[in-house]
Amino acid sequence: MEIIEADHLSKSFGSFKAVDDVSIAIKEGEIFGFLGPNGAGKTTTIRMLTGVLTPDTGSSRICGIDIHKNPLEAKMKMGIIPENGTVYSDLTAEQNILWTAKFYGMDSVSRKKRADEILSDLGLSERRDDIVRNFSKGMRQRISIACAIVPSPPVLFLDEPTGGLDVYSRRLVIDTIRRMNDEGSTVFLTTHNIEEANELCTGISVINKGVIIATGSPEKLKKSFDRANYVEIAFEQPVSRELFTQGGISRAEPHGDKWRLYTDDPDKTVKYCAALAEREHLRILAVATSTPTLEEAFVQLTGGA
Ligand SMILES: Nc1ncnc2c1ncn2[C@@H]1O[C@H](COP(=O)(O)OP(=O)(O)OP(=O)(O)O)[C@@H](O)[C@H]1O
Ligand SMILES: [Mg+2]
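Model, not experiment: these values are computed from the prediction.

Conventions used here
Residues numbered from 1 in each chain as written. Chains lettered and ligands numbered in written order. Predicted model: local features only at pLDDT ≥ 70, side-chain atom pairs only at ≥ 80, totals over all residues. Heavy atoms only, no water. Helix = DSSP H or I, 4+ residues; strand = E, 2+ residues; numbered from the N terminus. Buried < 20%, exposed > 50% of the residue type's maximum accessible area, 1.4 Å probe, protein only. Areas by Shrake-Rupley, 256 points an atom, 1.4 Å probe, with all protein chains shown as cover. Lys, Arg positive; Asp, Glu negative; His and termini not counted. Charge placed at Lys NZ, Arg CZ, Asp CG, Glu CD. Salt bridge = Lys/Arg side-chain N within 4 Å of Asp/Glu carboxyl O. Near = heavy atom within 4 Å. Polar contact = N/O pair within 3.5 Å; in protein donor to acceptor, adjacent residues only side chain to side chain. Nonpolar A, V, L, I, M, F, W, Y, C, P; charged D, E, K, R; others polar. Donors = N, O, S within 2.8 Å, 3.2 Å for Na, K, Ca; no water.

> When you look at the overall build of the protein chain in this model, what are you seeing that I'm missing?
Per the secondary structure count, the protein chain includes ten helices and 14 strands. Judged by the C-alpha coordinates and their principal axes, the protein chain covers about 80 × 45 × 35 Å. Looking at the 305 residues of the protein chain, the share that counts as buried comes to 47%. Accessible surface, the protein chain as shown: approximately 15000 Å² in total, 51% of it carbon and sulfur. Positive and negative charge centroids in the protein chain, built from 37 and 43 side chains respectively, lie 3 Å apart.

In structure tokens:
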């Protein structure tokens, strides 16, 4: 069964279409990554899925429950970590968790036990009695996550859970997401970090300018990126761009003192360059073949937005 389902969601702000006909189907047990550059429409989509925003068109369901027809029932199924995490600044770290647990109707013994567990998992045990107001961004983000996972919700929505975190906090957050998933939560997260999505997610959709432009497993998406190979070559003499229209080269870009030659067939391109150098009496200073990093591929896919 699809645990998160959205059909044809669209949302405009004035005449600007922020989300354009987005459909999503996520199976139970997945860690789904919603990937896109700044302003792509990730937060707007998450807000519609979690019932914060009403879509202009389309509908969505969590565990089969329509979020706009039965918002309360649907919301009991989800934990939400919004873009700018919400925490109670005047409470201590532990009080934030205990209060949330009480809200979900847990008894006092389970509340205490759950708070101990979560504080330890998120590296906050030593700060449990400190007022959250004075916490750093990374610590606040972890408190926000701590509160969202208190009831072990079937579905977790995280809007850029690792944005702005240092390596240590990031690791704690990623481990916590994995553990929640192991314990049965389906996860929907947004990120613009493709390496993170690759490391964590079972499925990915890439959104750009409000439209989903690619969907699949990280491996599948990587394969489709991998075709975009390039050969980087430096000559001692200046070379004009017109010489790079053959040899399987789809595009030539100057990069510092080198040319970056995009190609589907690096073998053909390297042989062509060698022949070119021979014919034009050019001296090759350096040559390297490379597949772009996933990040470069992402920039290409989203048109450098
Ligand atoms: N309440 C609003 N009123 C007007 N425009 C809005 C509103 N909310 C979002 N937008 C616009 O919709 C577009 C998508 O915004 P959104 O916040 O969904 O992007 P995002 O993918 O989450 O970006 P980021 O990575 O920066 O968080 C942006 O151009 C934004 O300015
Ligand atoms: Mg956002």
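> Just to check I follow, could you spell out unusual backbone geometry for this structure?
Working note: non-glycine residues mostly have negative phi, and peptide bonds are mostly trans. Not every positive phi belongs to a glycine, and K209 is a case in point at roughly 50°. Along the chain, the position of K209 falls in the loop between β9 (203-208) and β10 (211-216). On the basis of relative accessible area, K209 is assigned to the exposed category, the value being 63%. Located in the positive-phi region is H281, a residue other than glycine, with phi close to 55°. Inspection of the secondary structure puts H281 in the loop between α9 (266-280) and β14 (284-290).

> Help me understand the pattern of salt bridges, please; the structure alone is not making it clear to me.
Side chains bearing opposite charge may pair, as long as their charged atoms lie close to each other. One pass over the structure, following the stated rule, counts 23 salt bridges. R114 is the partner of E117 in a salt bridge, and the nearest nitrogen-oxygen pair spans 2.6 Å. Here the residue E117 and the residue R114 both occupy positions in helix α4 (residues 108-121), the gap between them amounting to three residues, near one helical turn.

> Any chance you could explain the site of ligand 1 here in plain terms?
The environment of ligand 1 is formed by 14 residues, the closest being G39, K42, T43, T44 and E83. One nitrogen or oxygen atom from the main chain of A40 is found 3.1 Å from an oxygen atom belonging to ligand 1. A distance of 2.7 Å separates an oxygen atom of ligand 1 from a polar atom in the side chain of K42. Starting from 640 Å² of accessible surface for ligand 1 in isolation, the protein chains cover 63%. Secondary structure elements with two or more residues in the shell around ligand 1: β2 (16-27) and α1 (42-49). Here the residues of the shell around ligand 1 sort into five nonpolar, six polar and three charged.

> Looking at this structure, how should I read the coordination of the magnesium ion (ligand 2)?
Geometrically, a metal with four donors at the corners of a regular tetrahedron has ideal angles of 109.5 degrees, and one with six donors at the corners of a regular octahedron has ideal angles of 90 or 180 degrees. Those protein atoms acting as donors to the magnesium ion (ligand 2) are T43 (OG1) and E83 (OE), and they sit at 1.9 to 2.2 Å. With T43 in helix α1 and E83 in the loop between β6 (78-81) and α3 (93-103), this pair connects stretches of sequence that are 40 residues apart. We classify E83 as partly exposed; its relative accessible area is 35%.

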